[in-house]
Amino acid sequence: MADEAALQDILRQALNAHPQGSLCVAYSGGPDSTALLHALAHMREARARGLRAMHVDHGLHAESARWAAHCRAFCAALGLVCDVHVASVDRSAGIGLEAAARHARYTIFAEHLHANERLVFGHHQDDQTETVLLKLLRGAGPEGLGGMREERPLGCGTIWRPLLDTPRQVLRDYVTAHDLACIHDPSNDDRQLARNHLRHGIMPLLQTHWPHAAISITHSARLCREAADTLQHDWRAAYESLRDEENNSLDAKGWLALAPALRDPLLAHWLHAQGLSAPTTAQRKQIERQCTAQHGQMPCIQWPGTEVHVWKNRLWAMAPRKRTDWPAELRWQGEPLTLPDGGVLRMEPATQLPVTLSVRWRSGGEQIKPAGDRHTRDLRSLYQTAAIPPWQRDGLPLLYEGDELIAVADRWLSARAEALFQQLGARPRWQPAT
């Protein structure tokens, strides 16, 4: 059949060009991934590479469990394994439901991908066209306008999109010709979502006047990708010199001194590596303006899912901190103790304390005499001298024996604490909330 030959010929060429690695199809049950999976399942070259499928149940639709059952049954009929994983979508992340679901999905993919395995997506030319236009409307540079990469690392494997030059219609014709049962997700019809509005409202108008719009746009994307890859060599070198490996902060003035073509992708890479979202053009310009903040100022630039602080001439990034209700105290005898803000206090190596300590938090005016120090120090000056970021200070657990402050997390220990922990052959370890 012509449609079968067309899709399988494209996939066969892709498999021959990338002969290494087992194959796992990211299978949503929709028409595109269904055509991809079915076509690969009927190719000996793909089955020889341990072809399997992975489906993520986001739990966002009443029918999601039924969709997962459909995917299992479809794969069983093809004689393939279908691993189904249930995602935990964080609706409170402030990045929108669609982005939160994507983050949860890719987290699962990364966790369950086998070593050197290729996670194969059914993304096609029309998807790439939509992606590039959305990035253009958001003011992206060459990296964003390059669209989706054909390959990129994920977990211990690789994301692979072999159909980015293949029109959607090729996959839809394949589904029709083979009468394949597919899932229809009603969220794909919601034109309030930017991609759906572009797909159903804007693209048909574009193609009426410019029938080859998708080809032209994806061609431009390839040129942007080549430009972005060329720039990457330079901004990665700058990234290594500007980033502090110990605390993952960036030299603010050094970053600001870079050319915009290097500055923008470096910032996006730094944020994405921490699981955070990149800023809009307006937010990025705000960061640039705040990079010259005077001593004592602590600007914070926020957007959904991310906040960037400018402190001590460096950039610091993190997810927005949730309000923490601190108890008056917690009792502790050395067991791993999860703190109210998500930090963890433990003994290393694991051991039980011979006394019960109370864990409290700073309220103001606390002092400690560190072992070997001639003077009693107030915590405010200790924190400033040690350059502990202001947003971490409230979370440092204070260890009390009775009413005596004997340790500040694992940073400062009194002579009494040193003697206690030395006797045990263990030390307290504090892991800040991430």
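This is a predicted model, so every value here is computed, not measured.

1. Describing the overall build of the protein
Secondary structure assignment for the protein yields 16 helices and 20 strands. For the protein, the spread of C-alpha atoms along the three principal axes comes to 85 × 50 × 40 Å. Here the protein holds 434 residues, and the buried ones make up 43% of them. Taking all contacts inside the protein whose residues are at least 6 apart in sequence as the whole, residues at least 24 apart take part in 66%. For the protein, the computed accessible surface area is about 22400 Å², with 50% contributed by carbon and sulfur atoms. Taking the average location of the 48 positive side-chain charges in the protein and that of its 49 negative ones, the two points are 4 Å from each other.

2. Observations concerning helix α4 (residues 64-78)
Taking 1.5 Å as the rise per residue, α4 with 15 residues should run 21 Å; its terminal C-alpha atoms sit 21 Å apart, in good agreement. Where α4 is concerned, the buried positions are S64, W67, A68, C71, F74, C75 and L78. What you see down the axis of α4 is that its buried residues fit within an arc of 125°, all on one side. Opposite the packed face of α4, turned more than 90 degrees from it, sit the exposed residues R66, A76 and A77.

3. Description of the packing of aromatic side chains
Applying the stated criterion across every chain yields a total of 8 aromatic pairs. Centroid distance Y106 to F121: 5.8 Å. Interplanar angle 10°. Geometry classified as stacked. Note that Y106 is positioned in helix α5 (residues 97-112) and F121 in the loop between β4 (118-120) and α6 (125-137), a separation of 15 residues in sequence. The buried category is assigned to Y106, whose relative accessible area is 9%. With centroids separated by 5.9 Å and ring planes inclined at 75°, the aromatic side chains of W311 and W391 adopt a geometry described as edge-to-face.

4. Some words on the sheet that holds strand β3 (residues 82-86)
Strand order in the open sheet made by the 6 strands is β3-β2-β1-β4-β6-β5, with mixed pairing throughout. In this open sheet, the two edge strands, each paired with only one partner strand, are β3 and β5 (151-154). Across this sheet, the average inter-strand angle for adjacent strands is 30°, counted without regard to direction. One ladder, built from 3 bridges, connects strand β1 (residues 23-26) with β4; its direction is parallel. Paired with V25 across the bridge in β4 is V120. Against the sheet, α5 engages β1, β2 (52-57), β3, β4, β5 and β6 (157-160), with an angle of about 145° to β2.

5. Re unusual backbone geometry
The peptide bond linking E348 to P349 adopts the cis configuration, its omega dihedral lying at -10°. Turning to its location among the elements, P349 is positioned in the loop between β13 (344-348) and β14 (357-360). Backbone geometry places K312, a non-glycine residue, at a positive phi of 55°. Tracing the backbone through its elements, the reader meets K312 in the loop between β9 (306-311) and β10 (314-318). The phi dihedral of A409 falls on the positive side, at around 50°, and the residue is not glycine. With respect to the helices and strands, A409 occurs in the loop between β18 (404-408) and β19 (412-413). With relative accessibility at 0%, the residue A409 sits in the buried group.

6. Some words on α5
In this model, α5 (16 residues) spans 23 Å end to end at C-alpha, consistent with the 22 Å of a helix rising 1.5 Å per residue. What α5 keeps buried is the set A100, A101, A104, Y106, I108 and F109. Against the buried residues of α5 lie β1, β2, β3, β4, β5 and β6.

7. What to know about the state of the cysteines
Scanning the entire structure with this criterion turns up 0 disulfides. With no disulfide partner, C71 has as its closest neighbouring cysteine sulfur the one in C82, 5.6 Å distant. Residue C71 is classed as buried on the basis of its relative accessible area, which comes to 0%. With no disulfide of its own, C182 lies 9.9 Å from the sulfur of C71, the closest cysteine sulfur.

Thresholds applied
- Residues numbered from 1 in each chain as written.
- Predicted model: local features only at pLDDT ≥ 70, side-chain atom pairs only at ≥ 80, totals over all residues.
- Heavy atoms only, no water.
- Helix = DSSP H or I, 4+ residues; strand = E, 2+ residues; numbered from the N terminus.
- Buried < 20%, exposed > 50% of the residue type's maximum accessible area, 1.4 Å probe, protein only.
- Contact = heavy atoms within 4.5 Å.
- Areas by Shrake-Rupley, 256 points an atom, 1.4 Å probe, with all protein chains shown as cover.
- Lys, Arg positive; Asp, Glu negative; His and termini not counted.
- Charge placed at Lys NZ, Arg CZ, Asp CG, Glu CD.
- Expected span 1.5 Å × (residues − 1).
- Arc of directions from axis to C-beta.
- Phe/Tyr/Trp six-rings, centres within 6.5 Å; stacked < 30°, edge-to-face > 60°.
- Pairing = 2+ DSSP bridges.
- Axes fitted to C-alpha atoms, helices over the stretch in contact; angles between N-to-C directions.
- Disulfide = S-S within 2.5 Å.

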